Amino acid sequence: MQMFHNSTSTVLIAVLKRDLVIGLRHRSELFNPLVFFFIVVTMFVLALGPYETTLRQVAPAVIWVAALLASTLSLDMMFHSDLDDGSLEQFLLSPHPLIIIVVAKILAHWLLTAAPLIVAALFLGLMVYLPQTAIMPLLLTLLLGTPVLSLVGAVLAALTVGLRGSGILLTLLILPLYIPVLIFSVATVDNAAKGLAITGELYFLGAILVLAATLAPLATTSSLRIRLG
Amino acid sequence: MEMRETEQQDRVLNSFSANALTCIRNDVVLFSGLGFRLDCGEVLQIQGPNGSGKTSLLRILCGLALPDDGAILWNEKNIHDHRQDYFKEMSYIGHVNGIKMELTALENLTIAGALAVTNQSISLPDILEKMGLAEHENTPARKLSSGQRRRLALARLLITDTRLWILDEPLTSLDDYGRQLMRDMITAHAAGNGITVLATHDPVDIQRHKITMINL
Amino acid sequence: MFEYFYKYGSPRHFYDLSKMFVPWLGGICLILLIAGLTGGLVLAPPDYQQGEGFRIIYVHVPSAWMSLFIYMVMATAGATGLIWKVKVADALARASAPLGASFTFLALVTGSLWGKPMWGTWWVWDARLTSELILLFLYLGYMALQTAIDDRRTAARAGAILALVGVVNIPIIHYSVEWWHTLHQGPTITKLDAPSIHISMLVPLLIMALAFMFYYAAVVLLRARYEILENERNSAWVCELIEQRRG
Amino acid sequence: MSSLQSFLHMGGYAFYVWSAYGLSFIVLVLNVVLPLKREQQFFRALIKRKERVSKNK
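What you see is a predicted model, and the numbers here were worked out from it, not measured in a lab.

Structural notes on the overall build of chain C
- A tally of helices and strands in chain C yields 8 helices and 0 strands.
- Along the first, second and third principal axes, the C-alpha set of chain C runs to 60 × 40 × 35 Å.
- Expressed as a percentage of its 247 residues, the buried residues of chain C come to 55%.
- Element-wise, carbon and sulfur atoms account for 71% of the exposed surface of chain C, whose accessible area totals about 10600 Å².

Structure representation (structure tokens):
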């Protein structure tokens, strides 16, 4: 016998577990953003030349731009499969607040896409001669920045789910909104590489994350209601 | 298919009504001024050719879409003002099954149970067994036939004791066994003072229960 | 007050009202435009540093102001349409986007036309011009979303959400670009700010800004009329209009 | 006459100033003309459709 006492936390955990299970059963698809990340960084290196001096200077920018593009690739999958097989409708019709389900989906998306990306970024950082002192700041900026990508990305993924050509449209809409995260993250890693203080930029990243964490789930919920309505 | 008679008496009398519903989809008026009133145990059957707006009407009735005009009342209260209460009492099975191919039958029902609000304990294997899917408990939905997947989707109706069922062509891709199963479930639901709204091509013959017909 | 707003919020009334308002607004705009241009091009003395070239600010600065102002109007109109279901507000928001994009484009081109004689390069990654460029992306994104969704009501509400997300991000983007600009270039000479402006130069600038404001008011009503006709193409009053046109 | 000449010359920046103003003029005018044209097309299309409908009724 199974009791469904169904407090909000159980719903959150149930949806989170569901998405993680589905994501892990598509393990091959999880590697695509990683491979894309490696390819983009390699292309930058090929374009810029193998000299340590130049690469060291552009390493933070290369890593972050590639990570950003890789994460926009996987945004579309957040709601797309649920819309096609009708489970998105069941989410909207659940007596539990939709915002809980949306938060669970965003968390699942972050775990499935950003976590491997962060690990890969650390290795790639070394490969492009990023100084030792900058590795920890790179990790910090990725930890603070990638959730913002998933949060703000969720709003626009919900807005464009099911539209024809929603892949390109989603990227076109989302990249301008990622600019603050890009600027402060690359600045942090840059300063760390030059041995300067990085607290100022990290505070900004933290502030953007808090803002996104409070507003994005709300906006995603109304976007879903509008798209399904 | 024994009904839970014990709890029948303390059921509050529900009513589900709609008045002057209008729906316009890309410049075409699908229906306007549509209204009905359903009390306990009644069945509303919506018939009409493809593209006549059956699915749009059902999506409006279950609160997914907003009507261009008119209102829908559950127990005389507008469903969009009392969204949580309404969803507690309503189950909607759409044209699309709403189950994940990667998950097994049991996992699909578990997530459906988690999303619902139920107070009594239910055994998911029992439900699967009722729907004739007992031996497929751990097979991914991908490997099930379309009829079995439809039955898995319809199994959600048994998880929660919701008073209102809104079903979009429940009999599609069901074999004879499945159709009979579905008819018994609707009959039992209506006998247990539940209200059913369904859209079908071929009429569902349920005896002894008041059936209202709407042709779009 | 709300009743009044709702009564004139109904598309039918708005259509007739806009027919009356557009010529008046257009007239005022023309007068202001002529006043502003004569003030800016003829009366204002040349700048001691930039000579006659500075006169481009009479088109560049008002366009930049308008591009930001129109995005704010778009976001509020979208929010009004979203929350209170005012159809006219949706039409106004959708009509504002191309205008906002045009003003942003104008601000960018006149900015680079101004930059070339002053600093020798067509494009300067100055903080304000870069923010203006990102604002153009936001406008283009909004319009792309509008055309991607067929159902006009969903498109309007999706656009409203996007405009609200955009309006929250504009100050953040603006600040981070300013911050980025000072970080990389430090306080250098590319100060595209209007030069320390004498009163005789400032007055035409304000007149031009007002002229653009009235221009926007007139043209957005014009465009909103078309949007409303498109939205209400099956309603009785549109058919009536068609009969009148045919008769 | 010469004041007009010097006015057009714009102290050497003639090309930049006048192309800026010229472009602004074009964009502003286009934004007025296009909607009007679209509105006419809208009515023309619907009138044509009405006539076709009333003809074969």
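Having seen it, we continue.
Considering the interface of chain C and chain B
- Facing 5 residues of chain C, the contacting portion of chain B comprises 4 residues.
- Both sides of the chain C and chain B interface together cover about 410 Å² of buried area, and 35% of this is carbon and sulfur.
- Inspection of the chain C/chain B interface yields 1 salt bridge.
- When the shortest N-O distance is used, the salt bridge between B:Asp68 and C:Arg153 registers 4.0 Å.
- Summed over the shared surface of chain C and chain B, the result is 0 residue pairs in polar contact (both at pLDDT 80 or more).
- Taken together, the residues that form the side of chain C that touches chain B break down as no nonpolar, 1 polar and 4 charged.

Some points on the interface of chain D and chain C
- The interface of chain D with chain C comprises 30 residues on the first partner and 41 residues on the second.
- Buried area between chain D and chain C, summed over both chains or domains, comes out near 3300 Å², and the portion from carbon and sulfur atoms is 74%.
- It is D:Tyr21, D:Phe42 and D:Phe43 that lose the most area in chain D upon contact with chain C, and together they represent 20% of the buried surface on that side.
- Scanning the region where chain D abuts chain C turns up 1 salt bridge.
- The closest approach of N and O atoms between D:Glu39 and C:Arg225, which form a salt bridge, is 3.3 Å.
- Counting across the interface, chain D meets chain C through 6 residue pairs in polar contact (both at pLDDT 80 or more).
- With 26 residues, helix H2 (residues 14–55) of chain D is the single largest residue contributor to the side of chain D that touches chain C.

Overview of a nonpolar patch on the surface
Residues and elements named next belong to chain D.
- A contiguous nonpolar patch, built from Phe-25, Ile-26, Val-29, Leu-30, Val-33 and Leu-34 and spanning about 530 Å² of accessible area, is present on the exposed surface.
- Here Val-29 shows up in helix H2.
- Val-29 sits in the partly exposed class, given a relative accessible area of 36%.

Concerning the pattern of salt bridges
- Applying the stated rule across the entire model yields 23 salt bridges over all chains.
- Where C:Glu240 meets C:Arg12, a salt bridge forms, and the shortest distance between an N and an O atom there is 3.6 Å. Placement of C:Glu240 in helix H8 (residues 236–246) and of C:Arg12 in helix H2 (residues 11–43) is noted, with a sequence separation of 228 residues between them.
- Several salt bridges converge on common partners, so that one network encompasses A:Arg18, A:Asp19, A:Asp82, A:Asp85, A:Lys105 and B:Lys100.

Thoughts on the confidence of the model for chain D
- In the predicted model, chain D carries a mean pLDDT of 84, and 96% of its residues have values of at least 70.
- In the model output, the complex is listed with pTM 0.89 alongside ipTM 0.87.

Description of the nonpolar core
- Membership of the largest hydrophobic core comes to 205 residues, with the highest contact counts inside it found for A:Phe37, B:Phe16, B:Leu61, B:Ile166 and B:Val197.
- Residue contributions to this core peak at 16 residues, all from helix H7 (residues 199–231) of chain C.
- By size, the runner-up hydrophobic cluster in this structure holds 31 residues, among which are B:Leu109, B:Leu133, B:Met185 and B:Leu198.

Brief notes about the packing of H2(C) against H2(D)
- Their axes nearest at 14 Å, the elements H2(C) and H2(D) cross at an angle of 170°. The orientation of H2(C) with respect to H2(D), classified from their angle, is roughly antiparallel. Contacts between H2(C) and H2(D) involve C:Tyr15, C:Leu37 and C:Leu41 from the first element and D:Val17, D:Trp18, D:Tyr21, D:Glu39 and D:Phe43 from the second.
- Taken together, the residues that form the contact of H2(C) with H2(D) break down as 7 nonpolar, no polar and 1 charged.

Looking at the sheet that holds strand S7 (residues 164–168) of chain B
Residues and elements named next belong to chain B.
- The strand order across the open sheet formed by 5 strands is S6-S7-S8-S3-S9, and the pairing between neighbours is parallel. Of all strands in the sheet, those with a lone pairing partner are strand S6 (90–93) and strand S9 (211–215), marking the two edges. Strand-to-strand twist across the sheet, computed as the mean angle between neighbouring axes with direction ignored, equals 10°.
- Sheet analysis places S6 next to S7, joined by 4 bridges and oriented parallel.

Points about the packing of aromatic side chains
- In total, this model carries 20 aromatic pairs over all chains according to the counting rule given.
- A ring pair is formed by A:Phe184 and C:Trp179, whose centres lie 5.1 Å apart and whose planes are at 50°; its orientation type is tilted. One end of the pair, A:Phe184, is in helix H8 (residues 166–194); the other, C:Trp179, is in helix H6 (residues 152–185), on a second chain.
- The buried category is assigned to A:Phe184, whose relative accessible area is 1%.
- Note on C:Trp179: relative accessible area 18%, which makes it buried.
- The interplanar angle of 90° and the centroid separation of 6.1 Å between the aromatic rings of C:Phe103 and C:Tyr215 together place this pair among those described as edge-to-face. Placement of the pair is C:Phe103 in helix H4 (residues 87–119) and C:Tyr215 in helix H7, with a sequence separation of 112 residues.
- Exposure remark for C:Tyr215: the relative accessible area of 8% places this residue in the buried category.
- These aromatic residues form a ring-pair network of at least three members: B:Phe16, B:Phe36, B:Trp74, B:Tyr86 and B:Phe87.

What counts and how
- Residues numbered from 1 in each chain as written.
- Chains lettered and ligands numbered in written order.
- Predicted model: local features only at pLDDT ≥ 70, side-chain atom pairs only at ≥ 80, totals over all residues.
- Heavy atoms only, no water.
- Helix = DSSP H or I, 4+ residues; strand = E, 2+ residues; numbered from the N terminus.
- Buried < 20%, exposed > 50% of the residue type's maximum accessible area, 1.4 Å probe, protein only.
- Areas by Shrake-Rupley, 256 points an atom, 1.4 Å probe, with all protein chains shown as cover.
- Contact = heavy atoms within 4.5 Å.
- Buried area = accessible area lost by both parts, 1.4 Å probe.
- Salt bridge = Lys/Arg side-chain N within 4 Å of Asp/Glu carboxyl O.
- Polar contact = N/O pair within 3.5 Å; in protein donor to acceptor, adjacent residues only side chain to side chain.
- Nonpolar A, V, L, I, M, F, W, Y, C, P; charged D, E, K, R; others polar.
- Patch = residues over 30% accessible without salt bridge, like charges linked within 9 Å, V, L, I, M, F, W, Y side chains within 5 Å.
- pLDDT = per-residue confidence, 0-100.
- Core = buried A, V, L, I, M, F, W, Y, C linked by side-chain atoms within 4.5 Å.
- Axes fitted to C-alpha atoms, helices over the stretch in contact; angles between N-to-C directions.
- Parallel < 35°, antiparallel > 145°, perpendicular 65-115°, else oblique.
- Pairing = 2+ DSSP bridges.
- Phe/Tyr/Trp six-rings, centres within 6.5 Å; stacked < 30°, edge-to-face > 60°.

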